[in-house]
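As a plain string of letters, each chain reads:
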Amino acid sequence: MAEVFPEKPKISEVISIVAHQLKNPIAVLKGYLEVLISEDFGGINQRQREYLKDALENTKRMSRIVGYLLDVTRIEEGKYELKLKSIDLRKIISEVTNEFSDWVRASNCEIFFKKPKKLPLVLADPFKIRHVVENLISNALKFKPLGRGKIEVSLEKRNKEVLFCCKDNGIGVPQDDFKKVFTKFYRSEKSMEVDPGGTGLGLYIDKATIELGGGKIWFLKNKDQGMTFYFTLPIANSLKH
Ligand SMILES: Nc1ncnc2c1ncn2[C@@H]1O[C@H](COP(=O)(O)OP(=O)(O)O)[C@@H](O)[C@H]1O
Ligand SMILES: [Mg+2]
């Protein structure tokens, strides 16, 4: 791979090149595993299915990590770009909560989405904003309390913005760590026990996505238990005037 590196590469260049090189092999691996699981090329037994599914899950995880690393290097080099469109955040949240429904059930949690009847469209990158929503809800799920987890997601119009909230009753972030929450690779000690496989890159990328799109992202510790994460995004037609 020596020929693809510039003479004295910066660490971010190395990460970016390696991540690009890994992208295709991972995609090929994922494709083959999916074909094998589909049994289009012949039947598989229960044990083989379990192993293949496990391999597929881990391949997806690798793909996510590579995606994160590419985003981080783009952010650091000022090359992170959004493809802005008018979107309905209600739809994205409904899709993400559906996508997580098996996980929610399996982890003794419940999610309430207070879906407003009416909500203006916001200006955002549909693909990237979905990642933000997925990360905030998956964090609430991963860092659940020992007992039953309760997550409340809501959306509301506030002046020329839409406000997103995701409230949980989980393990929370220690007060001393508050300043570090949106920094790269931050993970609280407790969260490393609960989810050893995390990267600590999600919130760093979420912040870039929201702020580049003209919004704000922050959190508050709940009075009783857990955290609430918020972000705002500009209403689609509010920028025309
Ligand atoms: N809802 C939450 N409850 C408790 N801790 C959280 C929550 N959301 C984020 N955190 C803390 O912030 C860290 C960074 O989150 P994130 O960047 O999404 O990384 P990851 O999900 O890979 O751990 C987490 O590892 C955890 O320590
Ligand atoms: Mg996360």
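Only a predicted model underlies this, so the values are computations on that prediction, with no experimental measurement involved. Positions within a chain are numbered from 1, following the residues in the order the chain's sequence is written. A letter from A marks each chain and a number from 1 marks each ligand, given out in the order of writing. Reporting of local features is limited, given that this is a predicted model, to residues whose pLDDT is at least 70; pairs of side-chain atoms are given and counted only at 80 or more, and all residues count toward the totals for whole chains, interfaces and linings.

(A) Representation of the overall build of the protein chain within the structure. Secondary structure follows DSSP: runs of H or I at least 4 residues long count as helices, runs of E at least 2 residues long count as strands, and numbering of each begins at the N terminus. Each helix and strand in the protein chain was counted, giving seven helices and seven strands. Scanning the protein chain from its N terminus toward the C terminus, one meets helices and strands in the order α-α-β-α-α-β-β-α-β-β-α-α-β-β. Taken over C-alpha atoms, the radius of gyration comes to 20 Å for the protein chain, in line with the 18 Å a tight globule of 241 residues would show. Considering the protein chain as a whole, with its 241 residues, one finds that 22% of them fall into the buried category. Here the contact rule is simple: place C-beta atoms from the backbone, and any two residues whose C-beta atoms are within 7 Å are in contact. Residue pairs at least 24 apart in sequence account for 68% of intrachain contacts in the protein chain once pairs closer than 6 positions are excluded. Each radius of gyration is computed over the set of C-alpha atoms, and the globule rule expresses the reference value as 2.2 Å times the number of residues to the power 0.38. Counting other C-beta atoms within 10 Å of its own, a residue is labelled buried from 20 upward, exposed at 12 or fewer, and partly exposed in the gap between, with every C-beta atom placed from the backbone.

(B) Fine view of the pairing of strand E5 (residues 161–167). Side chains of E5 alternate between two faces, with Val162, Phe164 and Cys166 buried and Glu161, Leu163, Cys165 and Lys167 left unburied. Note on pairing: two strands pair once DSSP finds at least 2 bridges between them. Bridging between strand E4 (residues 149–158) and E5 involves seven bridges; their strand directions are antiparallel. Bridge pairing in E5 places Leu155 opposite Phe164. The antiparallel pairing of E4 with E5 creates a hairpin that spans two residues between the two strands, and Asn159 there sits at a positive phi of about 50°. Looking at chain direction, E5 and strand E7 (residues 227–234) are connected through seven bridges and run antiparallel. Bridging from a neighbouring strand, Cys165 pairs with Tyr230 of E7.

(C) Representation of the site of ligand 1. Placing a C-beta atom from the backbone of each residue, we mark the residue near a molecule or strand if the atom is within 6 Å of it. Taken together, the neighbourhood of ligand 1 is formed by 22 residues, with Asn139, Ser188, Ser191, Gly198 and Gly202 sitting nearest. The set of elements that each furnish at least two residues to the shell around ligand 1 consists of helix H5 (126–142) and helix H7 (202–212). The dominant element in the shell around ligand 1, judged by the number of residues it contributes, is H5, at three residues. Each residue is assigned to one class: nonpolar for Ala, Val, Leu, Ile, Met, Phe, Trp, Tyr, Cys and Pro, charged for Asp, Glu, Lys and Arg, and polar for all the others, Gly among them. Per-class residue counts for the shell around ligand 1 are nine nonpolar, 10 polar and three charged.

(D) Structural view of helix H1 (residues 11–38). Every helix has an expected span of 1.5 Å times one less than the residues it contains. Helix length check: H1, at 28 residues, gives a terminal C-alpha distance of 40 Å against a target of 40 Å (1.5 Å per residue), a fit within 8%. Note on bend: the value at a residue is the angle between axes fitted to the seven residues ending there and to the seven starting there. At Lys23, H1 shows its largest bend, some 25°, and a proline, Pro25, comes one to four positions later. Within two residues after H1, Glu39 carries a phi angle of roughly 65°, on the positive side.

(E) Just the nonpolar core, in detail. Val133, Leu136, Ile137, Ala140, Ile151 and Cys166 are the most contacted members of the largest nonpolar core, which totals 28 residues. Residues within four places of Cys166 in sequence aside, it is in contact with Leu136, Ile137, Ala140, Ile151, Val153, Thr228 and Phe229. As used throughout, a nonpolar core is a set of buried Ala, Val, Leu, Ile, Met, Phe, Trp, Tyr and Cys residues joined through C-beta atoms within 7 Å of each other.

(F) Highlighting the domain arrangement of the protein chain. Bear in mind that the domain bounds are from an automatic or database domain assignment. Split into domains, the protein chain comes out as domain 1 (2–76) and domain 2 (85–239). Of the residues contributing to the side of domain 1 that touches domain 2, the split by class is four nonpolar, no polar and two charged.

(G) Summary view of unusual backbone geometry. Even without being a glycine, Asn108 presents a positive backbone phi close to 55°. Even without glycine at this site, Asn159 takes up a positive phi of about 50°. Following the sequence through the fold, Asn159 ends up in the loop between E4 and E5.

(H) A look at the pairing of E4. Where strand E2 (residues 109–114) and E4 come together, six bridges link them in parallel fashion. Looking across to E4, one finds that Phe112 is bridged to Glu152.

(I) Focus on the environment of Gln46. Along the chain, Gln46 falls in helix H2 (residues 46–76). Residue classification places Gln46 among the exposed positions, given that 7 C-beta atoms sit within 10 Å. Sequence separation between Gln46 and Leu201 is 155 residues, and the spatial gap between their C-alpha atoms is 35 Å.

(J) Expanded view of the packing of H1 against H2. Contact pair H1 / H2: the axes reach a minimum separation of 8 Å and the direction vectors enclose 155°. On the basis of the axis angle, H1 is roughly antiparallel to H2. H2 is crossed by H1, and the crossing has left-handed handedness. Along the lines of polarity and charge, the residues of the contact of H1 with H2 split into 15 nonpolar, five polar and seven charged. Axis definition: a line fitted to C-alpha atoms, limited for helices to the stretch in contact. Angles are taken between N-to-C directions and run from 0 to 180 degrees. Convention used here: angles under 35 degrees read as roughly parallel, angles over 145 as roughly antiparallel, angles from 65 to 115 as roughly perpendicular, and any remaining angle as oblique. In this scheme the handedness of a crossing depends on how the near helix is turned from the far one: anticlockwise by less than a right angle means left-handed, clockwise means right-handed.

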